[in-house]
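Coordinates in review
The lines below spell out each chain.
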Amino acid sequence: MTSIEEINFINACKDEVLGGRNLSPDELYALADIESAEGIEALTEAAGEITHRFCPPRFDSCSIINARSGRCSENCKWCAQSAHFKTSCNEYECVDHQTALDAAHHNADSGVGRLSLVASGKALRGKNLDAVCAIFDDLRHHPTMSTCASLGLLSEDELKQLWNSGVHRYHCNLETAPSHFGTLCTTHTQDDKIRTIMAAKRIGFEVCSGGIIGMGESRRQRVELAIKLREVAPASIPINILSPIPGTPLEGTPLISEEEIVITVALFRFAHPKLTLRFAGGRARMSRPMQLKALRTGINGAIIGDLLTTIGSTVAQDKELAAEAGYTF
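Described below are features of the structure shown in this document. For clarity, every value in this text was computed on a predicted model and none was experimentally measured.

So, about the overall build of the chain. Looking only at helices and strands, the chain has twelve helices and nine strands in total. A compact globule built from 329 residues should have a C-alpha radius of gyration of about 20 Å, and the chain, at 19 Å, falls within 12% of that. Principal-axis analysis of the C-alpha atoms gives the chain an extent of 60 × 40 × 35 Å. Relative to its 329 residues, the chain shows a buried fraction of 58%. When contacts within the chain are restricted to residue pairs at least 6 apart in sequence, long-range pairs at least 24 apart make up 77% of them. Carbon and sulfur atoms make up 51% of the accessible area of the chain, which amounts to about 13700 Å² in all.

In structure tokens form, the structure reads like this:
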């Protein structure tokens, strides 16, 4: 397509979305094939219009506490916490109860709206699951902070235990396109993740599920992930940007460009007009102007503070950025 044809196609797709119709996979893949500078600019501007129409003005913030670190049995090639790779990741069995409560209250006092406890390993079970549920039980009546958990491939009974502790949102990323997942992890499958997500939804959990971009996938494969996420119907989609970690098999992976990150945000917004698109790990390496452009294109939430194995930005910095993009916090 010429640049004019691209812009006309983008505007037609935008009008369909604004009119309440989901784009087809073929339409989304065609948007991924936009190449001209004029077409890319039109794509991001159109995504911004969709965000403005469908998403609330309040920025959706979440903080993370690493409930268990390292010694993970899984061989996910991007992850510093895998026992298969030699990295400098800290290792501990379960976060101290009071330490977790103190961190939760500190984040709440800073204005963060949600706390998520995240554990390494295929699944958090037994006494460690009991310990994490006890933390959530102490937080269930907090006046301003909601909770979320990311504890691996839990069984339905384990998910019910978590639900009964007061947690009503569960996080489990699909990570990448179905066509790419098997090249990055062989100790579990994407279908294993989907089974956990569907079990959580049957209990009543809201779901947070997204992935990592920049792991050698194509732009079309990022759209493939966005389409796959429609099957699990999450409330929130975290978009992580790979930070190649020394000692992992992806340590030499070339960095995805800032422009490609913003294009990906735009494509996800076209695929998911009404959902929270949440910046997560890796975005700290982006320049401030490009982070701001991503927020104006489609990002309307973020994981704030120190992330699992890479450093995020401060709450104050994110508040300032969100306000400049037109959000309340």
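Attention shifts here to empty space enclosed by the protein. Applying the stated criterion to the full structure yields two cavities of 30 Å³ or more. Roughly 50 Å³ of internal volume is contained in the second largest cavity. Surrounding the second largest cavity, F59, F279, R283, Q291, L295, I299, G301, A302, D318, L321 and A322 form its lining. Looking at the lining of the second largest cavity, the element that brings in the most residues is helix α12 (residues 315-324), giving three residues. Looking at the lining of the second largest cavity, its residues break down into seven nonpolar, two polar and two charged.

It is worth spelling out the pairing of strand β2 (residues 114-119) at this point. Along β2, six of the six residues are buried, which leaves the element largely enclosed by surrounding structure. Here β2 shows a buried face lined by R114, S116 and V118 and a second buried face lined by L115, L117 and A119. Pairing geometry for strand β1 (residues 60-68) and β2, over five bridges, is parallel. Within β2, the position partnered with R68 by the bridge is A119. Note that the unit made of β1, helix α4 (residues 97-109) and β2 has a crossover that is right-handed. Sheet topology note: the β2/strand β3 (residues 146-150) ladder contains five bridges and is parallel.

In this section: the packing of helix α6 (residues 156-164) against helix α8 (residues 190-203). In a pair of packed helices, the angle between the axes and the distance between the axes together describe the arrangement. At their nearest, the axes of α6 and α8 sit 10 Å apart, and the two run at 45 degrees to each other. One element, α6, and the other, α8, form an angle in the oblique class. As α6 packs across α8, the resulting crossing turns out to be right-handed. Seen from α6, the contacting residues are E156, L159, K160 and W163; seen from α8, they are T196, A199, A200, R202 and I203. Within the contact of α6 with α8, the residues separate by chemical class into five nonpolar, one polar and three charged.

Turning to the environment of R71, a few remarks are in order. Tracing the backbone through its elements, the reader meets R71 in the loop between β1 and α4. Distance in space between the C-alpha atoms of R71 and L277 is 30 Å, their sequence separation being 206 residues. Those residues in contact with R71 that sit more than four places away from it in its chain are Q81, A83, E91, Y92 and E93. Within the structure, R71 has its side chain in polar contact with the side chain of E91 (distance 3.5 Å). A polar contact is formed between the side chain of R71 and the side chain of E93, at a distance of 3.2 Å.

The subject of this paragraph is unusual backbone geometry. Residue E175 is not a glycine yet carries a positive backbone phi of 80 degrees. Assignment of secondary structure puts E175 in the loop between β4 (169-171) and α7 (178-181). The phi torsion at A233 lies on the positive side, around 45 degrees, for a residue other than glycine. Looking at the secondary structure, you find A233 in the loop between α9 (219-232) and β7 (236-241).

What follows covers the packing of aromatic side chains. The description of an aromatic ring pair uses the distance of the two centres, along with the angle that the planes make with each other. Counted by the stated rule, this structure contains four aromatic pairs. A ring pair is formed by F59 and F329, whose centres lie 6.2 Å apart and whose planes are at 25 degrees; its orientation type is stacked. Of the two residues, F59 sits in the loop between α3 (37-54) and β1 while F329 sits in the segment after α12, which places them 270 residues apart along the sequence. Residue classification places F59 among the buried positions, given a relative accessible area of 5%. Owing to a relative accessible area of 22%, F329 belongs among the partly exposed residues under this scheme.

Grouped together as the largest cluster of nonpolar side chains are 90 residues, with contacts concentrated most on L31, L151, L162, Y170, F270 and F279. Membership of the second largest hydrophobic core comes to nine residues, among which are C76, F181, I212 and L242.

Glancing now at the environment of I212. Position of I212 relative to the elements: it lies in strand β6 (residues 211-213). In this structure, the C-alpha to C-alpha distance between I212 and W78, residues 134 residues apart in sequence, is 9.0 Å. Not counting the four nearest positions on each side in its chain, I212 is found in contact with W78, E175, N240, I241 and L242.

As a further point, take the side chain of E224. Turning to its location among the elements, E224 is positioned in helix α9. Comment: no salt bridge for buried E224; closest opposite-charge side chain is K228, at 7.9 Å. Of the polar contacts made by the side chain of E224, one reaches the side chain of S179; its length is 2.7 Å. Apart from the residues within four sequence positions on either side, E224 is in contact with Y29, A177, P178 and S179.

Conventions we followed
- All residue numbers refer to positions counted from 1 along the written sequence of the respective chain.
- Note on the predicted model: pLDDT of at least 70 is required for a residue's local features to be given, and 80 or more for side-chain atom pairs to be given and counted; whole-chain, interface and lining totals, by contrast, use all residues.
- To get the side-chain values, all heavy atoms of the structure are used, and hydrogens and water are removed first.
- A run of DSSP states H or I qualifies as a helix once it reaches four residues; a run of E qualifies as a strand once it reaches two. Both are numbered from the N-terminal end.
- For this measure, only C-alpha atoms enter the radius of gyration; the expected value for a globule follows 2.2 Å times N^0.38, where N is the number of residues.
- Burial classification: accessible surface area is computed with a 1.4 Å probe over protein chains only, and a residue below 20% of its type maximum counts as buried, one above 50% as exposed, and the rest as partly exposed.
- Here a residue-residue contact requires only that any non-hydrogen atoms of the pair lie within 4.5 Å.
- The method behind every accessible area is Shrake-Rupley, applied with a 1.4 Å probe, and residues are considered shielded solely by the protein chains displayed.
- A 1.4 Å probe that fits but cannot get out identifies a cavity on a 1 Å grid over protein atoms alone, an open set with protein on both sides within 12 Å along at least five of seven lines counts as a pocket, and a residue lines either if it has an atom within 4 Å of a point.
- Grid points are joined across faces, edges and corners, and a volume is the space filled by probe spheres set on the points.
- Classification used: nonpolar for Ala, Val, Leu, Ile, Met, Phe, Trp, Tyr, Cys and Pro, charged for Asp, Glu, Lys and Arg, polar for all others including Gly.
- For two strands to count as paired, DSSP must find a minimum of two bridges between them.
- A clockwise course of the path from the first strand over the helix to the second, judged with the strands pointing away from the viewer, identifies a crossover as right-handed.
- A fitted line through C-alpha atoms represents every axis, and for helices the fit uses only the stretch in contact; the resulting angles, taken between N-to-C directions, go from 0 to 180 degrees.
- Oblique is the label for any angle not under 35 degrees, not over 145, and not in the 65 to 115 range, which are roughly parallel, roughly antiparallel and roughly perpendicular in turn.
- Crossing handedness is read from the near helix: turned anticlockwise from the far helix by less than a right angle, it gives a left-handed crossing, and turned clockwise, a right-handed one.
- Two N or O atoms count as a polar contact when they lie within 3.5 Å, although within protein this holds only if one can serve as hydrogen donor and the other as acceptor, and sequence-adjacent residues are included solely when both atoms are side-chain atoms.
- Put simply, two rings from Phe, Tyr or Trp (the six-membered ring, in Trp's case) pair if the centres are within 6.5 Å, and we call them stacked under 30 degrees between planes, edge-to-face over 60, tilted for the rest.
- We call a set of buried residues a nonpolar core when its members are Ala, Val, Leu, Ile, Met, Phe, Trp, Tyr or Cys and they connect through side-chain atoms within 4.5 Å of each other.
- Within this scheme the basic residues Lys and Arg register as positive and the acidic residues Asp and Glu register as negative, but His and the chain ends are omitted.
- A pair is scored as a salt bridge if a Lys or Arg side-chain nitrogen falls within 4 Å of a carboxyl oxygen belonging to Asp or Glu.

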